[in-house]
Amino acid sequence: MILRFSAWLRLPSCLLVLAAVVPIHANSVEIDFTRYLASHAVGPMAADADPIAFFGVPGSARLIVTSSGNTIDAAIHVNGLQVLAPPAAITNGVLEVPITLGEENTIAVGSSGAAHSQIAVRVKQKADVELNVLSRVHFNTNVSDFAAAREFYGKLGLETLSGFPDTNTLEMAQAIGIDTPTAYDGSQGEAAGGYLLHGELVGFGFFGGVIDLIEFTIPRNDEPPYDALNHLGMARAVMRTTNIAADYAYMKEQGVEFISAPATRSDGTQFAIFRDLDGTHYELMAVDGEDEDTETTHIVGLGRVNINVSDFERSRAWYQMLGFEVTKQLPGTESIEVANAMGFDDVFEIEGAIVTHRADRSALELVQWIKPYDPQRAYPVPINHLGIHRMAFSTSDIDADVAALRSQGVEFISDVTPCCSGPDSSGGIVAFYDPDGTIIELVEQPGLSQLLAAWLWLRNLFD
């Protein structure tokens, strides 16, 4: 959802002046994409087995095969041509073979021998991508009772930044994956057959992070949020506090449900995981800062959003395309105390990193859970499931970004849709999937991108 213009007027006047003169530049980055990834049992290939189709960009690529043995007893065909013949010698468990891809490709893996081993097959391809993504606008949290949820988040110190319409066009409904027509009769505005909701943008000031808090009435989905922190998708988001002990005590008094008391990770960071009224997970994380008196919490802003992925290497490159670079590797495991504080009975094993956006420095926590692993997909469309269902980023050129993303095989929910005042809207919105089905959104609204560019220019000037 988009901020109303009245919310922009709260910004410092210097930004409004700079917005008219600060240029906006796209960023071109070379990305090493994973085009295909699967594990295969090495054994006879059935005569009627269909090759597996996958996307690529016409040009050179690499076939990467991983095995625990010294040889690979597998025949691999790409686009009908044999690119690997058994037996193939392997060094340090990895074999890399140059190949050529088209836009539409096929791969087939088999052997003339009996099945006796498992191999991992990955196709990687480098490509230059230029996007105009400036910053994170918000992440969404869907709730079952807006009034109760607004009171809950208010007790944590979040304020209303802006409202937005409860209804909209059929095109906007389709843009967030809603099949139309719905049961909505049009009695509360806009076209019949669309959605009906109520929500607000809430946060700790415009620069403290924003949550798009929404209760959907039509269509309604009361399925609970992810029960565990290792589910694929956006499983939790961070709230940063300068006094975690005081906030834990205050929030417990307010009836907030925590998994445990604050615990300490191996890097010395204190944290505590809590749930909102619907069970959506948030992480209270201790940060340095002045410990001021407050009537609510000492939370100073929203931090990184966790995104669980099925393959870290693939997703790290995919989010690099959006402007995120690795700034901190996460330890592969933590103590049993930390595991318990995250809701797990045993020590876990992960591969992951904190990735930070090169423009606005917003952060994501990309995590591949190795143990325990949950293969269930992220929330599907429509985007009305309770929990953190999507995340939105501002762009200065949505049409160019959509074209660039489509050229890399990204799957979209719809075309760019006018937002948020019908066909005469000056802005646009579009949603698409990451490699695991997590939903990302791009937003362009004239004026907002210039303001964000001015803010980023000012901040970098004084850093």
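None of these values were measured; they are calculated from a predicted model.

Asks: Kindly report on empty space enclosed by the protein, identifying the contributing residues and their values.
Replies: Summed over all chains, the structure comprises four cavities of 30 Å³ or more. Approximately 40 Å³ is the volume attributed to the largest cavity. Forming the boundary of the largest cavity are Pro225, Tyr226, Met234, Ala235, Arg236, Gly279, Thr280, His281, Tyr379, Gly387 and Ile388. Tallied by class, residues from the lining of the largest cavity come to six nonpolar, four polar and one charged.

Asks: Please provide a residue-by-residue account of unusual backbone geometry, values included.
Replies: Here the residue pair Lys371 and Pro372 is connected by a cis peptide bond, since its omega of -5 degrees sits within 30 degrees of zero. Take Pro372: it is sitting in the loop between strand S23 (363-371) and strand S24 (390-395). For the bond running from Val381 to Pro382, omega is 0 degrees, close enough to zero to count as cis. With respect to the helices and strands, Pro382 occurs in the loop between S23 and S24. Even without a glycine there, the phi angle at Asn92 is positive, about 55 degrees. Positionally, Asn92 belongs in the loop between strand S7 (88-89) and strand S8 (94-101).

Asks: I'd like a rundown of the nonpolar core, residues and numbers included.
Replies: If you look at the biggest cluster of nonpolar residues, it comprises 61 residues, and the most contacted ones within it are Ile211, Met239 and Phe274. What Ile211 contacts, discounting residues up to four positions off in sequence, is His138, Phe139, Thr141, Tyr153, Leu158, Glu200, Leu201, Val202, Met239, Tyr282 and Leu302. Judged by nonpolar contacts, the second largest core, of 23 residues, contains Ile214, Cys420, Ile429 and Tyr433.

Asks: Can you lay out the pattern of salt bridges for me, pointing to particular residues and giving the numbers?
Replies: Inspection of every chain in the model, using the stated rule, returns 20 salt bridges. A salt bridge links Arg314 to Asp436; the shortest N-O distance between them is 3.5 Å. Here Arg314 is found in helix H6 (residues 312-321), whereas its partner Asp436 is found in the loop between strand S26 (427-433) and strand S27 (439-444), with 122 residues between them in sequence. Per residue, the accessibility class of Arg314 equals that of Asp436, and both read buried. Look at the salt bridges and you will find they share partners, linking Asp32, Arg62, Glu96, Arg122, Lys124, Asp311 and Glu313 into a network.

Asks: Please give an account of the sheet that holds strand S5 (residues 75-78) that cites residues and values.
Replies: As summarised here, the arrangement of the four strands in space is S2-S9-S5-S6, forming an open sheet in which the pairing is antiparallel. Of all the strands in the sheet, just strand S2 (52-55) and strand S6 (81-84) have a single pairing partner and so form its edges. Between one strand and the next, the sheet's axes are offset by a mean angle of 35 degrees, whatever the strand orientation. Bridging between S5 and S6 involves three bridges; their strand directions are antiparallel. Among the inter-strand pairings, Ile76 is bridged to a residue of S6, identified as Leu84.

Asks: For helix H3 (residues 146-155), give the residues involved together with the corresponding values.
Replies: Within the span of H3, buried status applies to Phe146, Ala149, Arg150, Phe152 and Tyr153. Taken end-on, H3 shows its buried residues confined to a sector of 160 degrees, consistent with a single buried face. The positive-phi residue at the C-terminal boundary of H3 is Gly157, with phi of around 105 degrees.

Asks: Tell me about the sheet that holds S26, and please be specific about residues and values.
Replies: The strand order S12-S13-S14-S11-S24-S27-S26-S25 describes an open sheet built from eight strands, whose pairing is mixed. The open sheet is flanked by strand S12 (159-163) and strand S25 (417-419), the only strands paired with a single partner. Each strand axis lies, on average, 35 degrees off the axis of its neighbour in the sheet, ignoring direction. Bridge analysis of S12 against strand S13 (residues 196-203) gives four bridges, and the strand direction is antiparallel. Pairing of Thr160 across the sheet is with Val202, part of S13.

Asks: Describe the confidence of the model for the protein, and please don't skip the residues or the numbers.
Replies: For the protein, per-residue confidence averages 89 on the pLDDT scale, and 87% of positions sit at 70 or higher. Here residues 2-9 scores under 50 on pLDDT; set against residues more than four positions off or in separate chains, the count is 24 contacts. A low-confidence stretch, residues 15-20 stays under pLDDT 50, and its non-local contacts, those more than four residues away or across chains, total 13 contacts.

Asks: Before we move on, can you summarise the environment of Phe54 with the specific residues and values?
Replies: Of note, Phe54 is situated in strand S2. By relative accessible area, which is 9% here, Phe54 ends up buried.

Cut-off values and rules
Residues numbered from 1 in each chain as written. Predicted model: local features only at pLDDT ≥ 70, side-chain atom pairs only at ≥ 80, totals over all residues. Heavy atoms only, no water. 1 Å grid on protein atoms, 1.4 Å probe; cavity = no way out; pocket = protein on both sides within 12 Å on 5 of 7 lines; lining within 4 Å. Points joined across faces, edges and corners; volume = space filled by probe spheres on them. Nonpolar A, V, L, I, M, F, W, Y, C, P; charged D, E, K, R; others polar. Helix = DSSP H or I, 4+ residues; strand = E, 2+ residues; numbered from the N terminus. Core = buried A, V, L, I, M, F, W, Y, C linked by side-chain atoms within 4.5 Å. Buried < 20%, exposed > 50% of the residue type's maximum accessible area, 1.4 Å probe, protein only. Contact = heavy atoms within 4.5 Å. Salt bridge = Lys/Arg side-chain N within 4 Å of Asp/Glu carboxyl O. Pairing = 2+ DSSP bridges. Axes fitted to C-alpha atoms, helices over the stretch in contact; angles between N-to-C directions. Arc of directions from axis to C-beta. pLDDT = per-residue confidence, 0-100.

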